[in-house]
Amino acid sequence: MKMLHFKDFFWSSDLTCAGGYDIIIQYLNDGRRTCKEVEEFIRARASIEEKYAKELLGLSKKVCGHNEMNTLKRSLDIFKLQTEHVSLSHLQLAHSMREEAKKLEIFREKQKEAKKKVEQHMEVLHKHKCSQLKRTMESKRTYEQKCKDKEEAEQNVNRCGSSSIKHMDKLCAKAQQAKVNAEEADRLYRQSVISLAKIREDWLKEHIQACEVFEQQAADRISFIRNTIWTHLNLLSQRCVSEDELNEDVRKSLEKCDIQEDIEHFVKLRRTGEKPPAPVLYENFYSGQRVPPPLIGACPSPRTNNRSGMFCVCMLALLMLLLDKWMPCCSRCSQLTHARCGLQCCPLLRGNTGAPKWRANWRRRLPLG
């Protein structure tokens, strides 16, 4: 397939027309604007990466698992450290992006200067070509007018054949002068056309060279922008790979995190004793007798709903309350018998003689709780 080039498809039939050239110049200006937009885009992305990196760096300095211990603490420390490394990688990425944007800026300015030189030279040639064409057209009009004057003078000579000799000489002299003027105008016109042809050849040659330079600039610009974007994406991919490697270090440390080892480490480091506190005994106010709590040694689990056991406990407590409230006792030893004091004052042992005393005693007693 035949390749298309600028120099073959941007001509015009009008010598003074520069429409094709102007289209090429507009295309180059649009390309330079594209370079500027890509450059600004990369700089904006670099600013975002830098801001994100600074926030990550500040996050890595915050407290995370300060009171933790053993393997989990080591994993958390590595997690924070790798977060700091990730922030540094983002800072490096932002720096690399700014370098790529700087290269694009230098390339853009370099192309701008090269285009400016060619454009200025072509503008001079274009003005010279137009002015020469204008002079050639004026020479042509002068030449045509002089030719008309010559023909008119010759016709006057031919029409006045019977006139006086003096008048005839005047017409011949005028015709001769018109002929000389026409020949001079013809010479100037030919010279102007030759000069215009030379200027046109120079302009054609320079126009072709300018088209080749501009086409090469467009190709270089497309290639440079494509390579810049490619490098930009490679930087992003490399950052993702490096970040995943840092995350892999954290995952490896988490694999070494042993739950049971951390539990045992905490127990060994912070243990307070191996024996639980003794149960609180029930102590009777009158007798001083200490009774252990019911179901000692068989403490139900908090998750166990043992209704029968609770019912037995409640019944036992109610029975003890009734016995303590209604049963008569000795005023000295607070017992149903005189095993302590050795007296026979309890009404159950000595008949009715002590009835007032034990009745006063049980009326004075208060229920448990």
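Reading the values: rules and limits
Residues numbered from 1 in each chain as written. Predicted model: local features only at pLDDT ≥ 70, side-chain atom pairs only at ≥ 80, totals over all residues. Heavy atoms only, no water. Helix = DSSP H or I, 4+ residues; strand = E, 2+ residues; numbered from the N terminus. Buried < 20%, exposed > 50% of the residue type's maximum accessible area, 1.4 Å probe, protein only. Contact = heavy atoms within 4.5 Å. Areas by Shrake-Rupley, 256 points an atom, 1.4 Å probe, with all protein chains shown as cover. Salt bridge = Lys/Arg side-chain N within 4 Å of Asp/Glu carboxyl O. Core = buried A, V, L, I, M, F, W, Y, C linked by side-chain atoms within 4.5 Å. Expected span 1.5 Å × (residues − 1). Polar contact = N/O pair within 3.5 Å; in protein donor to acceptor, adjacent residues only side chain to side chain. Phe/Tyr/Trp six-rings, centres within 6.5 Å; stacked < 30°, edge-to-face > 60°. Axes fitted to C-alpha atoms, helices over the stretch in contact; angles between N-to-C directions. Parallel < 35°, antiparallel > 145°, perpendicular 65-115°, else oblique. Left-handed = near helix turned anticlockwise from the far one by under 90°. Nonpolar A, V, L, I, M, F, W, Y, C, P; charged D, E, K, R; others polar. pLDDT = per-residue confidence, 0-100.

What follows covers the overall build of the protein. Check the secondary structure of the protein and you find eight helices and two strands. Put simply, the protein runs from its N terminus to its C terminus through helices and strands in the order α-α-α-α-α-β-β-α-α-α. Here the protein holds 369 residues, and 26% of them are scored as buried. Considering only residue pairs separated by 6 or more positions, the protein has 77% of its internal contacts joining residues 24 or more positions apart. On the protein, roughly 26300 Å² of surface is accessible, and the fraction owed to carbon and sulfur atoms is 58%.

This part takes up the pattern of salt bridges. Applying the stated rule across the entire model yields 22 salt bridges. The shortest N-O distance in the salt bridge between Lys127 and Glu123 comes to 3.7 Å. With a gap of four residues between them, Lys127 and Glu123 both fall in helix H3 (residues 70-159), about one helical turn apart. The partly exposed category is assigned to Glu123, whose relative accessible area is 43%.

Looking at the element boundaries, Ile23 is found in helix H2 (residues 19-60). In this structure, the C-alpha to C-alpha distance between Ile23 and Phe10, residues 13 residues apart in sequence, is 8.2 Å.

This paragraph deals with the nonpolar core. One finds Phe6, Ile24, Met122 and Phe214 to be the most contacted residues of the largest nonpolar core, which totals 14 residues. Listing elements by their share of this core, those giving two or more residues are H2, H3 and helix H4 (165-255). Looking at which element gives the most residues to this core, the answer is H4, with six residues. Once residues lying within four places of it in the same chain are set aside, the contact partners of Ile24 are Phe6, Phe10, Cys211 and Phe214. If you look at the next biggest cluster of nonpolar residues, it comprises twelve residues, including Ile42, Leu93, Leu104 and Phe107.

Take helix H5 (residues 259-270) next. Every α-helix carries 3.6 residues per turn, so stepping three or four residues along brings you back to the same face. In this model H5 runs 17 Å from its N-terminal to its C-terminal C-alpha over twelve residues, within 8% of the 16 Å that 1.5 Å per residue would give. Two or three places before Gln260, at the start of H5, stands the capping residue Asp258, its side-chain oxygen 3.0 Å from that residue's backbone nitrogen.

Attention now moves to the packing of aromatic side chains. In this structure the tally under the stated criterion is seven aromatic pairs. For the ring pair Phe6 and Tyr27, a centre distance of 6.2 Å and an interplane angle of 85° mean the geometry is edge-to-face. Pair noted here: Phe6 is in helix H1 (residues 6-9) and Tyr27 is in helix H2, with a separation of 21 residues, a long-range link. A residue is classified by how much of its surface remains accessible, and Tyr27, at 35% relative accessible area, is partly exposed. An angle of 45° between the planes, with centres 6.2 Å apart, marks the rings of Tyr21 and Phe214 as tilted.

It is worth spelling out the packing of H2 against H4 at this point. Axis separation between H2 and H4 bottoms out at 11 Å; the angle between their running directions is 15°. What the angle tells us is that H2 and H4 run roughly parallel. As for how H2 packs across H4, the hand of that crossing is left-handed. A per-class count over the contact of H2 with H4 returns 15 nonpolar, six polar and four charged.

For Glu243, the position within the fold is in helix H4. Sequence-distant contacts of Glu243, defined by excluding residues within four places in its chain, comprise Val86 and His90.

Predicted confidence across the protein gives a mean pLDDT of 82, with 80% of residues reaching 70 or more. Confidence scores differ between elements of the protein, with helix H8 (residues 355-364) showing the lowest mean pLDDT of 42 and H2 the highest of 94. In this model, residues 296-305 is a region of pLDDT below 50 whose contacts with residues beyond four sequence positions or in other chains number one contact. Low pLDDT, under 50, characterises residues 331-369; the stretch is placed with 48 contacts to residues that sit more than four places away or in other chains.

To continue, consider the packing of H3 against H5. Running from N to C, H3 and H5 point in directions that differ by 115°, and their axes come no closer than 7 Å. Classed by the angle they form, the pair H3 and H5 counts as roughly perpendicular. Contacts between H3 and H5 involve Asn70, Thr71 and Leu72 from the former and Glu261, Asp262 and His265 from the latter. Grouping the constituent residues of the contact of H3 with H5 by class yields one nonpolar, three polar and two charged.

The phi dihedral of Asn70 falls on the positive side, at around 65°, and the residue is not glycine. Within the secondary structure, Asn70 sits in helix H3. The exposure class of Asn70 is buried, given its relative accessible area of 16%.

Attention shifts here to the environment of Gln177. With respect to the helices and strands, the residue Gln177 is situated in helix H4. Accessibility expressed as a relative area gives 44% for Gln177, which makes it partly exposed. Expressed as a C-alpha distance, the spacing of Gln177 and Asp149, which sit 28 residues apart in the sequence, is 9.7 Å.

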